[in-house]
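Here's the letter readout for the chains.
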Amino acid sequence: MKTILLGVSVLLCSLNSIAQNKNVQETTKTTVTTVKSSDGEKKFVKNENTTEVQNIELKEAQPNTLNIEMKESPVSVTSTTQITNPDGSTRTVDVDRSSYYDMNGTQYKLALDASGYTMTNGREKPALLRKTSTNSYIFRSKNKTAVGYFDTKGNLVLETYDDKSDKVSVETYSVVKQ
């Protein structure tokens, strides 16, 4: 009797674990960037992982039918980017903000680097953006230090303190849609 009861309970538990109630699709895109310089060749590896999860919901059952149609339900998309530097260190970026930005007719390129972002416009030494623990960035260029963040539209906003006027100036770099 014990054996039958134990066998039936194992069978019921295994049937329950076989049922699938979510559609999950995972994709990974790997980009290897090789930089040649006087120091030698350096390789940066960027893995973009995208996971799409959709809960399975069924429509009302119709009489005298075997199959029940699936209802449209929202898809939750999660994307993370992992960057492996030439020294072997790895960091994870939740949202990759690499793109082109425009301010006053000048176009700037924001690109991921080993510990944050670099911002260039082709003429000057690149400015650096380094992430802080408060989800903002420290912006450092040749002659300016500022605090930056990305607004809800994806634009880069820099706030700079001016000692002489005791005011904070705000500059907005608009993301260029491509």
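Since the model is a prediction, treat every value here as computed from it, not as a measurement.

Caption draft 1: Seen up close, unusual backbone geometry. One non-glycine residue, Asn104, lies in positive phi territory at about 55°. Note on placement: Asn104 falls in the loop between strand E7 (99-103) and strand E8 (106-113). In this model, Asp166 sits at a positive phi of 55°, which is unusual for a non-glycine residue. Inspection of the secondary structure puts Asp166 in the loop between strand E13 (156-162) and strand E14 (167-175).

Caption draft 2: Region of interest: the pattern of salt bridges. Using the criterion set out here, one finds 3 salt bridges in the structure. Between Lys59 and Glu69 there is a salt bridge; the shortest N-O distance is 3.6 Å. Of the two residues, Lys59 is situated in the loop between strand E3 (57-58) and strand E4 (70-71) and Glu69 in the loop between E3 and E4; the sequence distance between them amounts to 10 residues. With a relative accessible area of 41%, Lys59 lands in the partly exposed category. According to the relative accessible area criterion, Glu69 is exposed, its value standing at 56%. Between Lys144 and Glu171 there is a salt bridge, with its nearest N and O atoms 2.5 Å apart. With Lys144 in the loop between strand E11 (137-140) and strand E12 (145-150) and Glu171 in strand E14, this residue pair connects regions lying 27 residues apart in the sequence. Its relative accessible area of 19% is what places Lys144 among the buried residues. The exposure class of Glu171 is partly exposed, given its relative accessible area of 22%.

Caption draft 3: Spotlight on the sheet that holds E7. A barrel is described by the order of its strands in space; here 8 strands give the closed sequence E7-E8-E9-E10-E11-E12-E13-E14, paired in antiparallel fashion. Sheet twist, expressed as the mean angle between neighbouring strand axes with direction ignored, is 30°. One ladder, built from 7 bridges, connects E13 with E14; its direction is antiparallel. Among the inter-strand pairings, Thr160 is bridged to a residue of E14, identified as Ser169.

Caption draft 4: Just the packing of aromatic side chains, in detail. Here the structure, examined in full by the defined rule, presents 5 aromatic pairs. Seen in terms of ring centroids, Tyr108 and Tyr173 are 5.3 Å apart; in terms of plane orientation they differ by 85°. Their pairing is edge-to-face. With Tyr108 in strand E8 and Tyr173 in strand E14, the pair connects residues that are 65 residues apart, well separated along the chain. Like Tyr173, Tyr108 is buried. These aromatic residues form a ring-pair network of at least three members: Tyr101, Tyr117, Tyr137 and Phe150.

Caption draft 5: Geometry of the side chain of Thr81. When you line up the elements, Thr81 lands in strand E5 (residues 75-84). For Thr81, the contacting residues outside a window of four places in its chain are Lys46, Asn47, Glu48, Arg91, Thr92, Val93 and Asp96.

Quick notes on the rules
- Residues numbered from 1 in each chain as written.
- Predicted model: local features only at pLDDT ≥ 70, side-chain atom pairs only at ≥ 80, totals over all residues.
- Heavy atoms only, no water.
- Helix = DSSP H or I, 4+ residues; strand = E, 2+ residues; numbered from the N terminus.
- Salt bridge = Lys/Arg side-chain N within 4 Å of Asp/Glu carboxyl O.
- Buried < 20%, exposed > 50% of the residue type's maximum accessible area, 1.4 Å probe, protein only.
- Pairing = 2+ DSSP bridges.
- Axes fitted to C-alpha atoms, helices over the stretch in contact; angles between N-to-C directions.
- Phe/Tyr/Trp six-rings, centres within 6.5 Å; stacked < 30°, edge-to-face > 60°.
- Contact = heavy atoms within 4.5 Å.

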